[in-house]
Amino acid sequence: MQDTLNPAMMDPFGRAVTYLRVSVTDRCDFRCTYCMAENMTFLPKKDLLTLEELERLCAVFVDKGVRKIRLTGGEPLVRKNIMHLVRQVGRHVEAGRMDELTLTTNGSQLARFASELYDCGVRRINVSIDTLDPDKFRKITRWGELDKVLEGVRAAQAAGLKIKINAVALKDFNDTEIPDMLKWAHGEGMDMTVIETMPMGEIDEDRTDRYLPLSQLRADLERRFTLEDIPFKTGGPARYVKIRETGGRLGFITPMTHNFCESCNRVRLTCTGTLYMCLGQDDAADLRGPLRASEGNDLLSAAIDEAITRKPKGHDFIIDRTTRQPAVARHMSVTGG
Ligand code: SAM
Ligand code: SF4
């Protein structure tokens, strides 16, 4: 729903920017092997925007026509006092200035925060689970406990939150397990989305070894299930099918095999106040300077307008054996997935 009082920002390609993703921290209590190296150097805490500053930035974006905000990271629920920000941003939903506040989480802290999230106006969350095998889960996250995450999922369901399970499709890791995960998620009344691994940041392994084109996964699934393309949309880049046998929805996020940039409606803010107009490009705008330069929001608003004029047409992700460097040096946890 677009607000006539706050018309949407338009980029040079005529796309309305109505969706802001905020990486509230680059830190995480897991180290998923496709996302991070084991020994990560995180941002010094002194460089972070305060929660009040993040709240002010979100409010300015809402004034400029943003209707949906997703908090992500790193792991958003490990940032100290994060619920303060959730509550403040949630007030825009309550007041009808925004359609949705949501969150992407690894679920490790969800049991603790689920009911408070609901209380703050959050209604849907994404929980990332790449396998339902506890040993494999420990391996892919380097030390995560699947039980704790599943406890979080149950708490979120009990609190009334709708959940979508996100899984990165990884060759020779979870490809054969996806059908069972699908049955589990749909059996629990949750949608599921599979994601292609993207070349972001140096990690300790070669991404080529794990890269699984979703066109291949879809072909495998079609041997076991009946997939019906549906026009369902959640404001993100996933294209959905309905699985006839389970009655549930499965989304495909295919940045590599099917570029979805033509319908991109979002920009991404980091916890240091850098605005990335595209997940897969290095160009960025500093919002911390204008934020701190004045108590009014005019400078900030002008900096955002200028940044939007630089939103690129799309990303140039490639994963192959000749392209050794990641497309962008920063990890997904910096810009926020
Ligand atoms: N920690 C939270 C989580 O895992 O849900 C939020 C941040 S995480 C960066 C957001 C999503 O990005 C997760 O679903 C994760 O699996 C995915 N992700 C991380 N690195 C990725 C990569 N290189 N390619 C594709 N997806 C990635
Ligand atoms: Fe942490 Fe999420 Fe990255 Fe895993 S995918 S290391 S949980 S930020």
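Our structure's up above, just so we're on the same page.
The structure reproduced in this document is the subject of the present report. (Residues numbered from 1 in each chain as written. Chains lettered and ligands numbered in written order. Predicted model: local features only at pLDDT ≥ 70, side-chain atom pairs only at ≥ 80, totals over all residues. Heavy atoms only, no water.)

## Examining the site of ligand 2
Taken together, Cys28, Phe30, Arg31, Cys32, Cys35, Gly74 and Asn106 form the complete shell of residues around ligand 2. Along the lines of polarity and charge, the residues of the shell around ligand 2 split into four nonpolar, two polar and one charged. (Near = heavy atom within 4 Å. Nonpolar A, V, L, I, M, F, W, Y, C, P; charged D, E, K, R; others polar.)

## Re the nonpolar core
Membership of the largest hydrophobic core comes to 97 residues, with the highest contact counts inside it found for Leu20, Ile69, Ile129, Met192 and Leu275. When residues in this core are grouped by element, the largest group, seven residues, is from helix 1 (residues 51-63). Those residues in contact with isoleucine 129 that lie beyond four places of it in its chain are Phe137, Leu146, Val149, Leu150, Val153, Ile165, Asn166, Ala167, Met181 and Trp184. (Core = buried A, V, L, I, M, F, W, Y, C linked by side-chain atoms within 4.5 Å. Buried < 20%, exposed > 50% of the residue type's maximum accessible area, 1.4 Å probe, protein only. Helix = DSSP H or I, 4+ residues; strand = E, 2+ residues; numbered from the N terminus. Contact = heavy atoms within 4.5 Å.)

## Re the pairing of strand 12 (residues 266-269)
Judged by which residues are buried, strand 12 turns out to be covered on both faces: Arg266 and Arg268 on one side and Val267 and Leu269 on the other are all buried. Sheet analysis places strand 3 (residues 19-23) next to strand 12, joined by four bridges and oriented parallel. Note that in strand 12 the partner of tyrosine 19 across the bridge is arginine 266. Judged from the two bridges that link them, strand 12 and strand 13 (residues 274-276) form a sheet pairing that is antiparallel. Each bridged residue has a counterpart across the sheet, and for leucine 269 the counterpart in strand 13 is leucine 275. Once strand 12 ends, the chain turns through four residues before running back antiparallel as strand 13, passing glycine 273 with a positive phi of about 85°. (Pairing = 2+ DSSP bridges.)

## Focus on the state of the cysteines
By definition, a disulfide links two cysteine residues through a covalent bond between their sulfur atoms. Counted by the stated rule, this structure contains zero disulfides. Left without a disulfide partner, cysteine 58 is nearest to the cysteine sulfur of cysteine 271, which lies 13 Å away. The exposure class of cysteine 58 is buried, given its relative accessible area of 0%. (Disulfide = S-S within 2.5 Å.)

## Some thoughts on the packing of aromatic side chains
Using the criterion set out here, one finds two aromatic pairs in the structure. Seen in terms of ring centroids, phenylalanine 30 and phenylalanine 137 are 5.9 Å apart; in terms of plane orientation they differ by 85°. Their pairing is edge-to-face. With phenylalanine 30 in the loop between strand 3 and helix 1 and phenylalanine 137 in helix 4 (residues 134-141), this residue pair connects regions lying 107 residues apart in the sequence. The exposure classification of phenylalanine 30 matches that of phenylalanine 137, with both residues buried. Over the ring of tyrosine 19 we find lysine 68; its NZ or CZ atom is 4.7 Å from the centre of that ring. Sitting over the face of the ring of tyrosine 118, arginine 123 holds its NZ or CZ atom 3.6 Å from the ring centroid. (Phe/Tyr/Trp six-rings, centres within 6.5 Å; stacked < 30°, edge-to-face > 60°. Lys NZ or Arg CZ within 6 Å of the ring centre and 35° of its normal.)

## Focus: the pairing of strand 5 (residues 100-105)
Two faces make up the sheet, and in a regular strand the side chains alternate between them. Here strand 5 lies mainly inside the structure; six of its six residues are buried. Burial of the side chains of strand 5 extends over both faces: Glu100, Thr102 and Thr104 are buried on one face and Leu101, Leu103 and Thr105 on the other. Two strands pair when backbone bridges link them, and strand 4 (residues 68-72) and strand 5 are joined in this way by four bridges, in the parallel orientation. What sits directly across from arginine 70, in strand 5, is threonine 102. With helix 2 (residues 82-94) bridging strand 4 and its parallel neighbour strand 5, the resulting β-α-β unit is right-handed. The sheet contact formed by strand 5 and strand 6 (residues 124-128) spans three bridges and is parallel. In the strand pairing of strand 6, leucine 103 is matched with isoleucine 125. (Right-handed = clockwise from strand over helix to strand, strands pointing away.)

## Re the packing of helix 3 (residues 110-119) against helix 5 (residues 146-159)
Geometry of a packed helix pair, given as the angle between the helix axes and the separation of the axes. In the contact formed by helix 3 and helix 5, the axes pass within 8 Å of each other and the chain directions differ by 20°. Between helix 3 and helix 5, the interaxial angle falls into the category roughly parallel. Judged by the twist between their axes, the crossing of helix 3 over helix 5 is right-handed. Residues Leu110, Ala111, Ala114, Ser115 and Tyr118 of helix 3 pack against Glu151, Gly152, Val153, Ala155, Ala156 and Ala159 of helix 5. (Axes fitted to C-alpha atoms, helices over the stretch in contact; angles between N-to-C directions. Parallel < 35°, antiparallel > 145°, perpendicular 65-115°, else oblique. Left-handed = near helix turned anticlockwise from the far one by under 90°.)

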